[in-house]
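Inside the fold
What follows is each chain in one-letter form.
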Amino acid sequence: MPTPSRESLLENIIAQLKQIKPDAGSLSADTDLVSDLGLDSVQVLEMCTDLEDDLDLSIPVNRLGEVRTAGQLADLLQQLLNEAD
Amino acid sequence: MSSTASTLSNLHHDSLYDKLRPIAEARMMLKQIGIDPFGTAMENILSPTEAIINGQHTILVGTNNYLGLTFDADALAAAHETLDALGTGTTGSRMANGSFTLHRRLEMDFAAFYGVRDCILFSTGYLANLGVLSALGSAQDVIVLDADCHASIYDGCKLGGAEVIRFRHNDPEDLDKRLRRLKSRARNAVIVVEGLYSMLGDVAPLAEIVAVKQRYGSCLVVDEAHSLGIYGATGRGVAQAQQCEDGVDFTVGTFSKSLGATGGFCVSQREELDLIRYASRPYIFTASPVPSVVASTRVTLQKLAAGKHLRANLFARAEQLHQGLLALGYQPAADVSPVIAINIKGRLNALNFWNKLLAAGAYCNLVLPPATPSGDPLLRISLSAAHNAEQIDAVLQMFADLYPDYAQACASASA
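Chains are numbered independently. Their residues run from 1 in the order of the written sequence. Chain letters start at A and ligand numbers start at 1, both assigned in the order the entries are written. Owing to the predicted nature of the model, reporting of local features is limited to residues with pLDDT of at least 70; listing and counting of side-chain atom pairs is limited to 80 or more, with chain, interface and lining totals taken over all residues. Computation of side-chain values: all heavy atoms of the structure, hydrogens and water removed.

**Observations concerning the sheet that holds strand β1 (residues 44-47) of chain B**
All names here are of chain B. When DSSP locates at least two bridges between a pair of strands, those strands are taken to pair. Helix and strand definitions here come from DSSP, where helices need a minimum of 4 consecutive H or I residues and strands a minimum of 2 consecutive E residues; each element is numbered from the N-terminal end. What the four strands build is an open sheet, ordered β1-β2-β3-β12; its pairing is mixed. Strands with a single pairing partner mark the edges of an open sheet, and in this sheet they are β1 and β12 (362-363). Pairing analysis gives four bridges linking strand β2 (residues 50-53) to strand β3 (residues 56-60), with the strands arranged antiparallel. Bridged to A51 within β3 is T58.

**A word on helix α14 (residues 347-360) of chain B**
Residues and elements named next belong to chain B. The length a helix should cover is 1.5 Å for every residue beyond the first. Taking 1.5 Å of rise per residue, 14 residues should cover 20 Å, and α14 covers 20 Å from first to last C-alpha, within 8% of that figure. The complete set of buried residues in α14 reads A350, L351, F353, W354, L357 and L358. The arc that holds every buried residue of α14, seen down its axis, measures 165°, which confines them to one face. Positive phi shows up at G361, right after α14, with a value of about 120°. Accessible area is worked out with a 1.4 Å probe on protein chains only. A residue is then buried under 20% of its type maximum, exposed over 50%, and partly exposed in between. This arc corresponds to the set of directions leading from the helix axis out to the C-beta atoms.

**Structural notes on the nonpolar core**
Counting 90 residues, the largest nonpolar core has F110(B) and F399(B) as the members making the most contacts within it. Broken down by element, this core gets its largest block of residues, eight residues, from helix α15 (residues 389-414) of chain B. When sequence neighbours within four positions are dropped, the list of residues in contact with F110(B) reads C119(B), L121(B), F255(B), L259(B), F265(B), V267(B), T297(B) and L301(B). Counting residues in hydrophobic clusters, the runner-up holds 26 residues, among them L45(A), L51(A), L73(A) and L76(A). What is meant by a nonpolar core is a set of buried Ala, Val, Leu, Ile, Met, Phe, Trp, Tyr and Cys residues, joined one to another through side-chain atoms within 4.5 Å. Contacts were defined at the residue level, with two residues in contact if any of their heavy atoms lie within 4.5 Å.

The structure is reproduced here in structure tokens:
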């Protein structure tokens, strides 16, 4: 299976975020998961579990520490997918 | 201006303390509504199941005192005698002046109780997880843990610097999937689960988890903090109850629940356990457990092992309360266990419910997100072998009187 593009990863993330925060309005790569959307750590981890199933990968919790925005999460996913190849 | 309001106004943006603002705001909210479930003071302890709180006689249904041994006469006598003989504290680490013969005796007691080679004592259960997991999982290793594991497990992983992967709570298939993705790294992976999960009161499918672990040749650590004394023929925990102890590499536990004191331990059949002492910073750089606590724990461990009657009464009371709550219309989050959790939708609803229950004469724990696995606030009840049927009936009557509040919270959430 070809590695999904950053754009499609970002679309997937934004779709997940809209499910958690239906009233969040317009979301982009710069949307901050905590300060813009008010997600708590458990909500972020739950969202990651769904993304992990979609992409058949595991996201190490300790690598999520530097992720602040939807775009940074897309970058991490792409990096992990490349490492798994 | 109240001290909390003053603290809040002093938190300037972009200051060192700005990150504490959400905590200050949450505390301010609690002050404004006049309810503080996180600062309740027990003015006097009357027995393992009763205390004076806010000047009122209160039934305790939130203490983790599962076997009710905190006032055991033999344990008290051993503690008093040792306090007089060995003093109030060790004033040192096990690596320095803080190793007494008594500590080693309790380690041998635990090893004999579990039928394994060795044991290490820690000063708290939290430190036991920190000490064992940080020593097992270093930067090149991977730890695969149940998503609902206790904060001490997450913190232990962080201290060691291992890569940390979560699997879905109590889902051996998801664990299998995570290990498969690790390929050759799975052989050295450390899997971490708990026996009884403390928030919702659900039990791990440990025999299935052991089967997965054995397929990949990984290492399995089981935290039996809340299941010690409760499950298994002699109270060794869920692994004993599910007859899969041989598949567990390291068992971690605490003195602060069924054993009625404060402290932690790790037991193992593996000879590497003794080396963990020398690799465990929370073991090396903490003063060792207080001698009187070690003495009382030696006694309560014996009582725990012989405590079939205590476990029988504990589960009878758990069944009584669980079935009683169901009959009233409440929805406990898991099957019958000594921990009964009820989700209450909405923080304010949960705070008010908890406060009314306390005013009626029962103390339980209130847990708010993100500390709850469900994302909803929950009332967490824990039972004791020392509870009698009349106390549980009295608590059920309080829940019956408060049912309209619960129903309203459920209705407002679904509206």
